[in-house]
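Inside the fold
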Amino acid sequence: MQERDAILKRKVQDSAEAIPPEKLLLLEPIIEKYQGSSSYLIPALKEAQEMFGYLPMEVQRKLSMGLNIPAPHIYGVVTFYSYFTITKRGRHTIRLCLGTACYVKGSKQILEIINKEVGINVGETSKDGRFTLEAVRCLGACGLAPVMMIGEDTHGNITPSATLNILEGYQ
Amino acid sequence: MPKISIEDLKRIKEEQIGKMVLRGGQYRAKVTVHMGTCGIAAGARDVMSLFRELIAEKDMQDVILTNSGCAGLCAKEPMITVEVVDTAPVKYVLVDREKAKKIFEEHVIGGHVVEDYALAIGSETMAV
Amino acid sequence: MCASPYYRMQIMMCAGTGCIASGSLDVKSALERELVKRNLQNEVQIVMTGCNGFCAMGPLVVIYPDGIFYNQVKPEHAPVIVEEHILKGRVVEKLLFKDETVKGRVPLMKDIGFFGLQRLIVLRNRGLIDAENIDEYIARDGYGALAKAVTEMTPEQVIEEVKKSGLRGRGGGGFPTGLKWEECRRYDNFPKYTICNGDEGDPGAFMDRSVMEGDPHSVLEGMAISGYAIGAEQGYIYVRAEYPLAIQRLQKAIEDARSYGLLGKNILDKGFNFDIAIAPGAGAFVCGESTALMYSIEGKRGMPRIKPPRSAEAGLWNQPTNLNNVETFANLNPIILNGADWFASIGTENSKGTKVFALTGAVVNVGLVEVPMGTSLKTLIFDIGGGIPKKRKFKAAQIGGPSGGCIPLGMEDVQIDYESLQGVGAMMGSGGVVVMDEATCMVDTARFFTNFSVDESCGKCTPCREGLKVMFDKLTDIVEGRGQEGDVEFLIELGHHINNTSHCGLGKSAANPVLSTIRYFRNEYDAHIRDKHCPALVCPDLIDFVVLEDKCKMCGMCFKNCPSDAIVWEKKKVAWIDHSKCTKCRTCIMNCKFGAIR
């Protein structure tokens, strides 16, 4: 029962943060731009996500009506590609590289320390809404391995202890 | 830009070679900052803006400052290439603001290679 | 550079910017004319090289095998060089290079391993042009190949030339590009499409990103040539979402090419229409597979379908579609301009040209490297890559990403070409080379790659979706100390099943990292399973965390670095580890220079 309560609670939280209908109107220009061909779905979703930071159900539904694409199809695409997210994200996104070069040079230890100190695993957002942790496959900066990006900043040659110092800088 | 013909391709090539190689041209030196994703992550933008400031400060019209893609040696980014008229291009590695300043004063202005920071002289070999 | 077996002599012409400006290209054509006049063109080869560093003395000519160095050569010197030196073997004294004082303390590019051993075709413009300036690309013979194709060649001739060159797909499969085009041309179902696969998903591979960022026009030109050859008027570049700079530069390049009329209607007034659009990816490794990629462009989930029909017959929107990788397209300009014979003279019998490798991991010179096919792995890692840092020993190289395999110590003499790599259980893949030293655990590495494939499996077919998960769980058991006798045999059997019964290329090769590490590092698996010990000291559950008294030099490095104060140490005393405090973080192992902790 406890578990179920927790799930229910979370649902309430989700809808409490729902995007108000008037904000959904912001999607109109995107719909207008990409109407007519289902092949524009991915670029349209990208722009929508750039606007809201994530793609909750109401955004998907609105796009479904506007672009005349079945909502299940949109949901299928959103959940297939790792670029899209349906949950709200933290203020800072940590993108830790787990590509081969970084892995060989110890990014696993970095993951462990974030796990332990921030309390989030890959794909999760910290309770205070500060960080979202993502694992990425190669940021293409293998010369600086191990590498993580926080927002737009790239941090290279990081060590477990340096990681905590770096995180301090993002409140 | 108007649509171009095959003759235009040849003309553009001639004109550009004049700009890209320094000999006999109006330019005395060329600084290329290698700005691929890895170079930028390692701080190439900083180096670029420093050179822009230095060139503006001295009002040097005869120095070309340009960017190019990744130079390949990611472990030694940021990299820059400095070419002074009538000499071979020199690649500098692990450039930071301080080194960039010294390179600008001694090599770009003074014409002397900063041996301590230089990796190599010359350019790469094309396949035969 | 060693002399090619086909030629008696080689004339090295400096093609550095300085020498070109002082007229080395004119000297080259004058020499060519002289050679033809005396019917020596098949005995003597003229080679364009990188800058020699003596620009003030240019144009420079070096003649091998003698290694005679001539400077300030002018076109009118060509007859005397050919007559005296090439024919009669007499050095032309008056052109000899005498002043040795030019040499400084800084080495020449051609003398340092990393750059000196590379030969550039794909990366020919790297570091030389501004990626966002189409004129600089044109200055380096850009769009000259497209012009030559549409004015002097029929589409069939273009295909014939590409076939003759021996160019094979650089995305991993190694399928002959010319044959692919020929098949696509055969179908009379319009419209047709040509697609560039820029979904470089292999961890540790970044050569396509570098080309798209640094030389976007070379990709566009290659695509336009392929469009002309197969009869397509629309091209798409599928680029990973993780490469924003590449997307931005390609977009600028497409706009510039359009405004010059090099893309669009009636290109160069020859009646050829061709345009290109960018299709951004959204993060799914499987979209590197051709059919999945096409579904993704159509706005669907990127899941591969069963072939046939092949994409050449029914690809994007069920129309005939050609798909090549970024590096493949970047090869086309030089092939069309210099001819198939030139390209086919580089490389090995079945693998022509060069290959770009992304050299990463435990190697000194991490970077992008372009070498002729057939170069040995040893040259790649030690001469170009500069060897292994921290005085550690080379253990293995992982080639071909999550679909590839490991090449262990003792086999580093293997030639890098499609067939040789397959012969040792690896594959070319897109060209990621991850070097591993003795501090890398092969079981853990196999587990890493399997985890990657589990994550990226699209879930359509059972062997890949379920089989890889079972494989991953088994590997997890092994690295966490729950391995049992028979696990390795189980992994081998399961691995073969997955490889044999999956639908697409991802599944068909997903077990390779496990199979190849078992093949070459069976002893490490056995150590994990039988001795419950990780020889590379990577898997925390299989490390004793005990200080070996005979190896400990009492330096205290472990003590100083331990984050949880679990190490007890005093000066001149052997350290020991308090297991009640130890969190098994391995910091002590990484800081011990003497290998005294196991």
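Up top you'll find the structure we're talking about.
What about the interface of chain B and chain C?
- With 54 residues of chain B at the contact, the number on the chain C side is 70 residues.
- Buried area between chain B and chain C, summed over both chains or domains, comes out near 5,200 Å², and the portion from carbon and sulfur atoms is 61%.
- Where chain B touches chain C, the interface holds 2 salt bridges.
- K13 of chain B is the salt-bridge partner of D141 of chain C, the closest N and O atoms lying 2.5 Å from each other.

Looking at a nonpolar patch on the surface
Residue and element names in this part refer to chain A.
- The grouping of M57, Y75 and I86 at the surface amounts to a nonpolar patch, some 240 Å² of accessible area in total.
- Note on placement: M57 falls in helix α5 (residues 57-67).
- Classification of M57 by relative accessible area gives partly exposed; the value is 36%.

Let's talk about the pairing of strand β13 (residues 405-408) of chain C
- Of the pairings in the sheet, the one linking strand β12 (residues 394-399) of chain C to β13 of chain C comprises 4 bridges and is antiparallel in character. Across the sheet, Q398 of chain C pairs through a bridge with C406 of chain C, a residue of β13 of chain C.

Notes on helix α4 (residues 41-52) of chain A
- End to end, α4 of chain A covers 16 Å across 12 residues, agreeing with the expected 16 Å (1.5 Å per residue, within 8%).
- For α4 of chain A, the buried fraction is high: 9 of the 12 residues fall into the buried class.
- Those residues of α4 of chain A that sit buried are L41, I42, P43, A44, L45, K46, A48, Q49 and F52 of chain A.
- The inward-facing, buried residues of α4 of chain A contact α2 (21-24), α3 (28-34), α5 and α6 (71-80) of chain A together with β8 (272-280) and α12 (290-297) of chain C.
- Following α4 of chain A by one or two positions, G53 of chain A adopts a phi angle in the positive range, close to 90°.

Quick notes on the pattern of salt bridges
- Counted according to the given criterion, the structure contains 46 salt bridges over all chains.
- A salt bridge links E134 of chain A to R89 of chain A, with the shortest nitrogen-to-oxygen separation between them at 2.2 Å. Of the two residues, E134 of chain A is situated in strand β2 (residues 131-136) and R89 of chain A in the loop between α6 and β1 (92-97); the sequence distance between them amounts to 45 residues.
- Classification of R89 of chain A by relative accessible area gives partly exposed; the value is 24%.
- Put simply, R465 of chain C and E466 of chain C hold a salt bridge, and the shortest N to O gap is 2.9 Å.
- Residue class for R465 of chain C comes out partly exposed when judged on its relative accessible area of 34%.
- Where salt bridges share partners, they join E34, K37, R38, E83, E84, K88 and R90 of chain C into one cluster.

Description of the sheet that holds strand β4 (residues 68-70) of chain C
Residue and element names in this part refer to chain C.
- Strand order in this open sheet of 4 strands is β2-β1-β3-β4, and the pairing throughout is mixed. The strands lining the two open edges of the sheet, one partner per strand, are β2 (44-49) and β4. If you compare each strand with its neighbour and ignore which way they point, the axes differ by 20° on average.
- Note that strand β1 (residues 9-14) and β2 share 6 bridges and pair parallel. Paired with M13 across the two strands is M48, which belongs to β2.

Conventions and cut-offs
- The written sequence of each chain sets the order in which its residues are numbered from 1.
- By the order in which they are written, chains take letters starting at A while ligands take numbers starting at 1.
- Selection of residues for local features in this predicted model requires a pLDDT of at least 70, selection of side-chain atom pairs for listing and counting requires 80 or more, and totals for whole chains, interfaces and linings are taken over all residues.
- Based on all heavy atoms of the structure, the side-chain values leave hydrogens and waters out of the count.
- Two residues form a contact once any of their heavy atoms are found within 4.5 Å.
- Values labelled buried area give the accessible surface lost by two parts on being combined, using a 1.4 Å probe and summing over both.
- We define a salt bridge as a side-chain nitrogen of Lys or Arg found within 4 Å of a carboxyl oxygen belonging to Asp or Glu.
- Only residues above 30% relative accessible area that lack a salt bridge enter a patch, with like-charged residues linked at up to 9 Å and the nonpolar side chains Val, Leu, Ile, Met, Phe, Trp and Tyr linked at up to 5 Å.
- Accessible surface area values rest on a Shrake-Rupley calculation with a 1.4 Å probe, where residue burial reflects the displayed protein chains alone.
- In DSSP terms, a helix is any run of H or I states spanning at least four residues, a strand is any run of E spanning at least two, and both are numbered starting from the N terminus.
- For each residue, the accessible area found with a 1.4 Å probe, counting protein chains only, is set against the maximum for its type, and the residue is called buried under 20%, exposed over 50%, and partly exposed in between.
- Strands qualify as paired when DSSP identifies two bridges or more between them.
- To estimate the expected span of a helix, count its residues, drop one, and scale the result by 1.5 Å.
- Helix axes use the C-alpha atoms of the stretch in contact, all axes being lines fitted to C-alpha atoms, and the angles between their N-to-C directions lie in the range 0 to 180 degrees.

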